[in-house]
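# Observations on the three-dimensional arrangement
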Amino acid sequence: MQVKRQREDFVVHEISNFPMPGGRFSVYRLEKAGLGTPEVASEILSIWNLSRGDLSYGGLKDRHAVTAQTLTIFQGPTKNIVQPGFTLTYLGQAGREFTARDIVANEFDVTLRELAPDAADRLQRLLGSGQFAIPNYFDEQRFGSLGESGRWVALPWCLADYEQALFLAIAEANRHDRPDDREQKSILRDHWGDWQACKDRLERSHRRSIVTYLVDHPTGFKKAVALIRQDLRGLFVAAFQAKIWNEIVSRRLSVGLADGDCLRFQSVAGQWILPLQMPAELLAQYAARTIPLPSGRQTHWPDDVRDILIDVLAEFGLQRHKLRFSHPRDVFFSRGERDMLLVPQALKALVGDDEYGAPNTRKLRLQFTLKPGQYATMFVKGLELLARSQEDRVPRSV
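A brief structural summary. Quick caveat, the model's predicted, so the values are computed rather than measured. (Residues numbered from 1 in each chain as written. Predicted model: local features only at pLDDT ≥ 70, side-chain atom pairs only at ≥ 80, totals over all residues. Heavy atoms only, no water.)

Right, let's talk about the side chain of Thr 72 for a bit. Along the chain, the position of Thr 72 falls in strand 5 (residues 66-74). Judged by relative accessible area, Thr 72 falls into the buried class, the value being 0%. For Thr 72, the side chain forms a polar contact with the main-chain nitrogen of Phe 98, separated by 2.9 Å. Not counting the four nearest positions on each side in its chain, Thr 72 is found in contact with Phe 18, Phe 25, Ser 26, Val 27, Asp 54, Leu 55, Ser 56, Arg 96, Glu 97 and Phe 98. (Helix = DSSP H or I, 4+ residues; strand = E, 2+ residues; numbered from the N terminus. Buried < 20%, exposed > 50% of the residue type's maximum accessible area, 1.4 Å probe, protein only. Polar contact = N/O pair within 3.5 Å; in protein donor to acceptor, adjacent residues only side chain to side chain. Contact = heavy atoms within 4.5 Å.)

In this section: the nonpolar core. Counting residues in hydrophobic clusters, the biggest one holds 99 residues, and the most contacted among them are Trp 152, Leu 166, Phe 240, Ile 244 and Leu 366. The element that contributes the greatest number of residues to this core is helix 9 (residues 230-256), accounting for 11 residues. Ignoring sequence-local partners within four residues, the contact set of Leu 166 consists of Ala 171, Trp 192, Ile 210, Leu 214, Phe 221, Ala 224, Val 225 and Ile 228. (Core = buried A, V, L, I, M, F, W, Y, C linked by side-chain atoms within 4.5 Å.)

In this model, His 327 is joined to Pro 328 through a cis peptide bond whose omega is -10°. Position of Pro 328 among the secondary structure elements: in the loop between helix 11 (303-315) and strand 13 (337-339). At Gln 75, a position not held by glycine, the phi torsion is positive, near 50°. You can see Gln 75 is positioned in the loop between strand 5 and strand 6 (81-83). On the basis of relative accessibility, which here comes to 53%, the residue Gln 75 falls in the exposed class.

Now for the pairing of strand 11 (residues 270-275). Most of strand 11 sits out of view: five of its six residues are buried. Sheet topology places strand 10 (residues 262-267) next to strand 11; six bridges connect them, and they run antiparallel. Bridge pairing in strand 11 links Gln 266 to Gln 271. (Pairing = 2+ DSSP bridges.)

Okay, here's the thing in structure tokens:
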């Protein structure tokens, strides 16, 4: 199976009924391809010379896809932007900023390619059977801030080890780094603690601003952490929270399933359980189930996951009441509930010849909608793993 051979093979449109009765917030439709939402947002701010806090959007959309979403800019220009890779279209005015709460659903059109005819037919039957379930794990895009060491910025931050948190946030290499970012981080690692040497070698950036503070306050790591860009802080915190949530769900699923009814797959952030088959009563129970997002402010936990949470946190040297940040005050783990299973709505699965594939290969076009907080990439990855496991079980003639 091949996913995202063409950019048009993965299309997502954000659905919203955001009201625009007038106000100080300009509303736009952002259409992009081959770019991530944060980098497009940075380019928009640069083009119009705006502050980062002026722009708001509801969710991160995949860079390896064709996407459309809503964003707002406080007192933004009433005009459009057309650039390579994205178009920003002015829609009207609103009385408040656009947030994740304004997303009603995400509509997807996904094409899977290079399928053998029997594999395409098996997947189509699987999707129509209603007998499979994909856990609603946070997927790879939530873990883009995880550095090459696999250490979580938010963990030492929770433990008040501000120097370690700062090092991981601004100096550790990341697989997504551009060449210039990788070089700048290398300078910080090579000269960590010699702040004047770092400052002399760094280009103007948020990293250099933090180092400039440390030149005058060499051990002021607590206050230096508060100088990390707010959008980056949010990514670090959300990634660690997602890791803990995935661990809870994976371990809870393993309790109710026999070894032969599930498989394990490796993610950049850990190893998770994927059910191969699930008893109907368990599927019905989990389909309507939500699990709280880990947070020190979450006081009530269901009995069947409380001990799992305690075990997961203990592996990080944490306790429930320590799952918080003492500084700065504007950093916290979000409260909320998240669906345990990913359940596509209005699902259509169409098999056809793959015009880009080898002879006699098929494509499977999937059209569906997902609630906010559910990842189509996780759905596709689950289907791929399930299809592969079925192939392994099919007897082959010798």
